Amino acid sequence: MANMNKNEGIPSRCWCGKWIVIYVSKTEENPYRRFFRCEISLQRNKENHLFKWVDEALVDEIQRMDEDQTRITEEIEDLRSSMKKTVHEEVMKHTNSLDVGCVASILSILCLCSKCD
Ligand SMILES: [Zn+2]
């Protein structure tokens, strides 16, 4: 069985460039089970064109989306903490030379500055 696209979720094209069609299995082992198949594979079934069960493809797709989601969440966390660090450094820079009571006004100035940009 050709399973070279195992971890690529829902396939749209075969390696040969042809579109993928959904068929329904009529075998005894997998009755009514849907599968993706390269559109020319019926004529050329010796060439190992794309074949993939639809349910397996969906599971792959969900796993892939889950991995993307995790990666994006990590990126947002990184951005958030580096932003916090930058703001903190800016505030520290200013509070070193001024009274602690001025922090609030410095923060609002920082906000205004970022809005003007
Ligand atoms: Zn093909």
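Remember, it's a predicted structure, so these values are computed and weren't measured experimentally. (Residues numbered from 1 in each chain as written. Predicted model: local features only at pLDDT ≥ 70, side-chain atom pairs only at ≥ 80, totals over all residues.)

**Some details on the overall build of the chain**
- Across its full length, the chain holds 2 helices and 3 strands.
- Mapped from its N terminus to its C terminus, the chain presents α and β elements in the order β-β-β-α-α.
- Within the chain, contacts between residues separated by at least 24 positions form 35% of all contacts whose residues are at least 6 apart in sequence. (Helix = DSSP H or I, 4+ residues; strand = E, 2+ residues; numbered from the N terminus. Contact = placed C-beta atoms within 7 Å.)

**Comments concerning the sheet that holds strand E2 (residues 34–38)**
- Judged by pairing direction, the sheet is antiparallel, and its 3 strands sit side by side in the order E1-E2-E3 without closing on themselves. Two strands close off the open sheet at either side, each with one partner strand: strand E1 (20–24) and strand E3 (51–53). Recorded for the sheet is a direction-independent mean angle of 25° between the axes of neighbouring strands.
- The sheet contact formed by E2 and E3 spans 3 bridges and is antiparallel. Bridging from a neighbouring strand, Phe36 pairs with Lys52 of E3. (Pairing = 2+ DSSP bridges. Axes fitted to C-alpha atoms, helices over the stretch in contact; angles between N-to-C directions.)

**Observations regarding the pairing of E2**
- Both E1 and E2 contribute to a ladder of 5 bridges, which runs antiparallel. Opposite Val21, over in E2, you have Arg37 as the bridge partner.

**A word on the confidence of the model for the chain**
- Looking at the chain as a whole, the pLDDT averages 85, with 84% of positions reaching at least 70.
- Confidence over residues 1–6 falls short of pLDDT 50; this stretch has 8 contacts with residues more than four positions distant or in other chains. (pLDDT = per-residue confidence, 0-100.)

**Some details on unusual backbone geometry**
- Even without glycine at this site, Tyr32 takes up a positive phi of about 60°.
- Located in the positive-phi region is Asn48, a residue other than glycine, with phi close to 65°.
- Within the secondary structure, Asn48 is located in the loop between E2 and E3.
- Since 16 C-beta atoms lie within 10 Å of it, Asn48 is described here as partly exposed. (Buried ≥ 20, exposed ≤ 12 C-beta atoms within 10 Å, placed from the backbone.)

**Quick notes on the environment of Lys52**
- Along the polypeptide, Lys52 turns up in strand E3.
- Between the alpha carbons of Lys52 and Pro11 there is a distance of 8.2 Å; along the sequence they are 41 residues apart.

**Thoughts on the environment of Tyr32**
- Assignment of secondary structure puts Tyr32 in the loop between E1 and E2.
- Not counting residues within four places of it along the chain, the set of residues in contact with Tyr32 comprises Val24 and Ser25.

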